[in-house]
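One letter stands for each residue in the lines below.
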Amino acid sequence: MNILKVLLVILALAGMSIADDPEKKVFTAVKGPDGIQKVSIVGGEYYFEPNHILVKVNVPVALSIKKEGGIVPHNIVMKSPEAGMVFDEPMGSEPKVIMFTPTKTGTYPFSCTKKLLFFRSHESRGMKGAIEVIE
Ligand SMILES: [Cu+2]
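Since the model is a prediction, treat every value here as computed from it, not as a measurement.

A. Spotlight on the overall build of the chain. Along the backbone of the chain there are one helix and 11 strands. Classification of the 135 residues of the chain by burial places 36% in the buried group. Split by element, the accessible area of the chain, about 8000 Å² in all, is 63% carbon and sulfur.

Written out as structure tokens, the structure reads:
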């Protein structure tokens, strides 16, 4: 086998595993008259918008999630029990609200954990973000 071909195959495989780092789209949750911080996230192929959300610590958050686009299923998963934020919800074309109260400052990642067969995970294609909890 031609050494050049082997190199090309290796390069192609390596390229498949490199994560796409999405552009940071920051949004600060807006506190309503009811004292709840509100934010909406839309998920699609392959992004969350916004993907970096600022919330205040110890104030309840209503996170509205919604899917955009085609038939590809998406979810939003956050596993940060140390900060009071644990959820794993499928995203639908109708908005759904997730309630939680962040209890600790810091930056906590969320992502879509969907992956089709041998294809790259949605997370590695850019379906990820973070909630930054501030004072
Ligand atoms: Cu997804």
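B. Main features of the coordination of the copper ion. Here the copper ion is held by the protein donor atoms H74 (ND1), C112 (SG), H122 (ND1) and M127 (SD), which lie 2.0 to 2.4 Å from it. Note that the copper ion binds four donor atoms; their angles at the metal cover 87 to 135°, and the shape is tetrahedral. Motif for the copper ion, donor spacing along one chain: H-x37-C-x9-H-x4-M. Here the residue C112 occupies a position in the loop between β10 (106–111) and β11 (128–134), and M127 occupies one in the loop between β10 and β11, the gap between them amounting to 15 residues.

C. Fine view of the packing of aromatic side chains. According to the stated counting rule, one finds three aromatic pairs in the structure shown. Over the aromatic face of Y46 sits the side chain of R125, whose NZ or CZ is 4.4 Å from the ring centroid.

D. Structural detail: the nonpolar core. Counting residues in each nonpolar core, the largest one holds 24 residues, and the members touching the most others are L63, I76 and I131. Contributions of two or more residues to this core are made by β3 (37–44), β5 (52–56), β6 (61–67), β7 (74–80), β8 (85–91), β9 (96–100), β10 and β11. Apart from residues lying up to four places away in sequence, I131 is in contact with I53, V55, M78, M85, F87, F100, G106, T107, Y108 and F110.

E. Here's a closer look at a nonpolar patch on the surface. Judged by side-chain polarity, L116, L117, F118 and F119 come together as a nonpolar surface patch covering roughly 470 Å² of accessible area. Residue position: L116 is located in the loop between β10 and β11. By relative accessible area, which is 52% here, L116 ends up exposed.

F. Structural detail: the pattern of salt bridges. Taken as a whole and judged by the stated rule, the model has four salt bridges. Here D21 ties to K128 by a salt bridge, and the two come within 3.6 Å at their closest N and O atoms. On the criterion of sequence distance, the pair formed by D21 in the loop between α1 (3–17) and β1 (26–28) and K128 in strand β11 is long-range, its members being 107 residues apart.

G. Spotlight on the sheet that holds β8. With respect to topology, six strands assemble into an open sheet ordered β1-β5-β11-β10-β7-β8, the strand pairing being mixed. On the outer flanks of this sheet lie β1 and β8, each paired with one strand and no other. Each adjacent strand pair in this sheet contributes to an overall mean axis angle of 20°, direction not counted.

H. Just the environment of Y47, in detail. With respect to the helices, strands and loops of the structure, Y47 is situated in strand β4 (residues 47–49). Counting along the chain gives 24 residues from Y47 to E23, while the straight-line C-alpha distance between them is 9.5 Å. Residues within four places of Y47 in sequence aside, it is in contact with V42, E68, G126 and M127. Engagement of the side chain of Y47 in a polar contact is seen with the side chain of E68, the distance being 2.5 Å.

I. Local environment of unusual backbone geometry. Geometrically, the link from E45 to Y46 is a cis peptide bond, its omega value of -10° lying close to zero. With respect to the element layout, Y46 can be found in the loop between β3 and β4. At the junction of E49 and P50, the peptide bond is cis and its omega measures out at -5° in the coordinates. A positive phi is found at L117, a non-glycine position, where the angle reads about 45°. As for its position among the elements, L117 is in the loop between β10 and β11.

Conventions and cut-offs
- Residues numbered from 1 in each chain as written.
- Predicted model: local features only at pLDDT ≥ 70, side-chain atom pairs only at ≥ 80, totals over all residues.
- Heavy atoms only, no water.
- Helix = DSSP H or I, 4+ residues; strand = E, 2+ residues; numbered from the N terminus.
- Buried < 20%, exposed > 50% of the residue type's maximum accessible area, 1.4 Å probe, protein only.
- Areas by Shrake-Rupley, 256 points an atom, 1.4 Å probe, with all protein chains shown as cover.
- Donors = N, O, S within 2.8 Å, 3.2 Å for Na, K, Ca; no water.
- Tetrahedral: all angles 85-135°; square planar, octahedral: opposite > 155°, others 65-115°.
- Phe/Tyr/Trp six-rings, centres within 6.5 Å; stacked < 30°, edge-to-face > 60°.
- Lys NZ or Arg CZ within 6 Å of the ring centre and 35° of its normal.
- Core = buried A, V, L, I, M, F, W, Y, C linked by side-chain atoms within 4.5 Å.
- Contact = heavy atoms within 4.5 Å.
- Patch = residues over 30% accessible without salt bridge, like charges linked within 9 Å, V, L, I, M, F, W, Y side chains within 5 Å.
- Salt bridge = Lys/Arg side-chain N within 4 Å of Asp/Glu carboxyl O.
- Pairing = 2+ DSSP bridges.
- Axes fitted to C-alpha atoms, helices over the stretch in contact; angles between N-to-C directions.
- Polar contact = N/O pair within 3.5 Å; in protein donor to acceptor, adjacent residues only side chain to side chain.

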